[in-house]
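# Overview (structure and organization)
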Amino acid sequence: MAAMSGKIVQNVFIAQCYQQNRQFGTQYQRDSRAPYLRTLPPFRGGKLAWTGISSMQMRNLSKYQSGFVNRGTVYCNAASSATAVPSLDKADFLKLQNGSDIRGVAVAGVEGEPVSLTEPVTEAIAAAFAAWLLDKKKVDASRRLKVSIGYDSRISAQMLQDAVSRGIAGAGLDVVQYGLASTPAMFNSTLTEYKAILCPVDGAIMITASHLPYNRNGFKFFTNAGGLGKADIKDILERAADIYSNFLTEGYSGKKASASVQKVDYMAVYTSDLVKAVRKAAGNIEKPLEGFHIIVDAGNGAGGFFAAKVLEPLGAITSGSQFLEPDGMFPNHIPNPEDKVAMKAITQAVLDNKADLGIIFDTDVDRSAAVDSTGREFNRNRLIALVSAIVLEEHPGTTIVTDSVTSDGLTSFIEKKLGGKHHRFKRGYKNVIDEAMRLNSVGEESYLAIETSGHGALKENHWLDDGAYLMVKLLNKLASARASGRDDGSKVLTDLVEGLEEPAIAVELRLKINNSHPDLKGGSFRDYGEAVLKHLEDSIASDPKLQKAPVNYEGVRVSGLGGWFLLRLSLHDPVLPLNIEAPSREDAVKLGLEVAAAVKKFPALDTSALDKFVQPQ
Ligand SMILES: O=P(O)(O)OC[C@H]1O[C@H](O)[C@H](O)[C@@H](O)[C@@H]1O
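Nothing here was measured: the structure is a model prediction, and the numbers come from that model.

Cut-off values and rules
- Residues numbered from 1 in each chain as written.
- Predicted model: local features only at pLDDT ≥ 70, side-chain atom pairs only at ≥ 80, totals over all residues.
- Heavy atoms only, no water.
- Helix = DSSP H or I, 4+ residues; strand = E, 2+ residues; numbered from the N terminus.
- Buried < 20%, exposed > 50% of the residue type's maximum accessible area, 1.4 Å probe, protein only.
- Contact = heavy atoms within 4.5 Å.
- Areas by Shrake-Rupley, 256 points an atom, 1.4 Å probe, with all protein chains shown as cover.
- Near = heavy atom within 4 Å.
- Polar contact = N/O pair within 3.5 Å; in protein donor to acceptor, adjacent residues only side chain to side chain.
- Nonpolar A, V, L, I, M, F, W, Y, C, P; charged D, E, K, R; others polar.
- Domains from an automatic or database assignment.
- Salt bridge = Lys/Arg side-chain N within 4 Å of Asp/Glu carboxyl O.
- UniProt positions renumbered as here; feature names shortened; annotations may be inferred.
- Pairing = 2+ DSSP bridges.
- Axes fitted to C-alpha atoms, helices over the stretch in contact; angles between N-to-C directions.

### A few points about the overall build of the protein chain
- Regarding its fold elements, the protein chain presents 18 helices and 23 strands.
- With 617 residues in all, the protein chain has 59% of them scored as buried.
- By sequence separation, contacts in the protein chain at least 24 residues apart represent 72% of the contacts at least 6 residues apart.
- Surface accessibility of the protein chain: about 24000 Å² in total, with carbon and sulfur atoms responsible for 52%.

### Considering the site of the ligand
- Lining the immediate surroundings of the ligand are R427, G428, Y429, E451, H455, R510, R568, S570, L571 and H572.
- Separating an oxygen atom of the ligand from a backbone N or O atom of Y429 is a distance of 2.9 Å.
- Separating an oxygen atom of the ligand from a side-chain N or O atom of R568 is a distance of 2.7 Å.
- Isolated, the ligand exposes 390 Å² of accessible area, and the fraction of that covered by the protein chains is 89%.
- Residues of the shell around the ligand, tallied by class, amount to 2 nonpolar, 4 polar and 4 charged.
- Here the shell around the ligand spans two domains, and each of domain 2 (269–496) and domain 3 (505–614) adds at least three residues to it.

### A look at the pattern of salt bridges
- Per the counting criterion, the structure on display carries 44 salt bridges.
- One salt bridge connects D202 with R143, and the closest N-O pair in it is separated by 2.7 Å. Of this pair, D202 sits in the loop between helix 6 (183–188) and strand 5 (203–207) while R143 sits in the loop between helix 4 (119–137) and strand 3 (146–151), and the two are 59 residues apart along the sequence.
- For D202, a relative accessible area of 7% translates into the label buried.
- Judged by its relative accessible area of 38%, R143 is partly exposed.
- With a closest N to O distance of 3.1 Å, K421 and E444 form a salt bridge. With K421 in strand 14 (residues 421–424) and E444 in the loop between helix 13 (429–441) and strand 15 (446–450), this residue pair connects regions lying 23 residues apart in the sequence.
- Looking at K421, the relative accessible area reads 38%, which means it is partly exposed.
- Here the salt bridges share partners, and the residues they tie into one network are E338, D362, R367, R380, D403, R427 and E451.

### Some thoughts on the side chain of N461
- Note that N461 resides in the loop between strand 16 (456–458) and strand 17 (464–465).
- Under the relative-accessibility criterion, N461 is labelled buried at 10%.
- Contact partners of N461, with chain neighbours within four places excluded, come to D466 and Y469.

### Digging into the UniProt feature "domain: Alpha-D-phosphohexomutase alpha/beta/alpha" (unreviewed entry) in the protein chain
- What UniProt calls "domain: Alpha-D-phosphohexomutase alpha/beta/alpha" (unreviewed entry) maps, in this numbering, to residues 98–241, 273–375 and 380–481.
- Along residues 98–241 one finds 35% helix and 24% strand; the C-alpha atoms at either end are 16 Å apart.
- The span residues 273–375 is 29% helix and 14% strand, and its two end C-alpha atoms sit 29 Å from each other.

### Topic: the sheet that holds strand 9 (residues 294–297)
- The sheet built from 4 strands is open, its strands ordered 9-10-11-12 with mixed pairing. Each edge of the open sheet carries a strand with a single partner, namely strand 9 and strand 12 (377–378).
- Across 5 bridges, the pairing between strand 10 (residues 357–361) and strand 11 (residues 368–372) is antiparallel. In the sheet register, G358 faces strand 11, and the bridge partner there is V371.
- On top of the sheet, helix 10 (residues 340–353) reaches strand 9, strand 10, strand 11 and strand 12; it is set at about 155 degrees to strand 9, its chief contact.

### Notes on the pairing of strand 9
- Both faces of strand 9 are covered, namely the face carrying I294 and V296 and the face carrying I295 and D297.
- The pairing of strand 9 with strand 10 spans 4 bridges and is parallel. When the bridges of strand 10 are listed, V296 appears paired with I359.

Next comes the structure, spelled out in structure tokens:
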């Protein structure tokens, strides 16, 4: 493949390694005396300092870490000069785009999944973000921009953090490393006004691939305007391809950098803000959760902090909390509140410990769900109903923006029971957040944007989709109920969703499009998927049992037989997810058969999941 040549980012790699080391050494010594500025756990000999690590992890890590030296003083990595730089073109970089995130494979060893986030690729992406930020911020030369970097528990985190830091510092921007952090904390660092911890930063990078398998990783980028959108990510990847082509022509040393690198315990500030928020909502009581037993399941992601740093200072008992230790092999369950096994694990822990509430996070803590003391799950539609009830008490009549796969029962709950307005928009956390912001800008008041996936953002919290803050809203409710004399634990939350109609059957079937099937006739899977949707739409038009949803923003949503279905294109994958909800399995099968009949003339569509579902049992 031909490498791209062209625009090279200005300002990249302007000084030599030894200058960087000298600068970092003195600056760090000076700043380490300041509060929150500290040395993060050292990274030596291939071990992640914050957790025990299995021999398998070691095998995976050692491949990358052979050249890394004591993180305390030496920033540049001489040994990575040996890193081979394979030729890549722009298209290879663009393949790393996943909506408004960047995602790729960072750890070798899984068959058919070659490493795409290598050190040079990562460094090029970081340098491209730096260049993009310099263009955006248009600051004069006297002010150096600062970028914070955090990561979740993935085993490739340190390797990527080092490569990202080289890319940013090499472009002349200052780097502030937070170590283990959550995605929302990273966005928050662009808003926090606190000079002693070098905040606000101008940009933030979270190294995460959310709940994906251990070998993946990726990046989310933030400025004080929020998370970067699709167009910005594409721009960054295109710039990265150009920078990378320079590595090919001039050689990749992986060791030149020019700006300062400091370490800050930002999570201490972020968690203390969460604690303050609950205390304030409870009327400035020091321990408003005294006596409540609340269990946290972090799924070995980055959310373990919530037990010791948020709940315990507020007085809650957290015994029985599980999987709080970061472990990027995710040995217990996938950290994902949409995952049935994960929800079963937290539910069981709540029941076994006779706790009042259970809280579960995804790997990077931008998503969450809860479980009440009876083991009732608050995730998906029920979580949206619960948070909507809380928000609508505070802001009567407001519009709740959700993703497209929400139930009809949720709409009638929000509109008839709660007196709000349900705006069912598209799938994708960024889509719902942007839509809520747009509504406000055109005069329609909205205070909540939330997805069935467990992403939820509130206007009061800068539209930051923060799984931890979402749980703070539940804690506030518990605390204020206690303050007003109620003593029935999580029942105050359970009562809030009373009246939510829930279907007997709710399924999501994911129908894959075979990208290399001749029926695509050289076209894209998106075009093919659109053709499937168009055909489905036409074929149901003449069916009197089915009615197309009058307002719908993605895919084909149809009501009938007391239920509904939605067939749409996945945000990222060559997949058509099909959601069906119905009052009985029989009705759900009938709806499924309608879809099956319409899509059978598309041989590149793998309908096996649907075929299985509609089989008589
Ligand atoms: O369209 P899908 O394949 O169902 O994926 C949709 C999901 O993609 C990502 O995980 C986003 O973070 C979610 O906000 C979104 O809901």
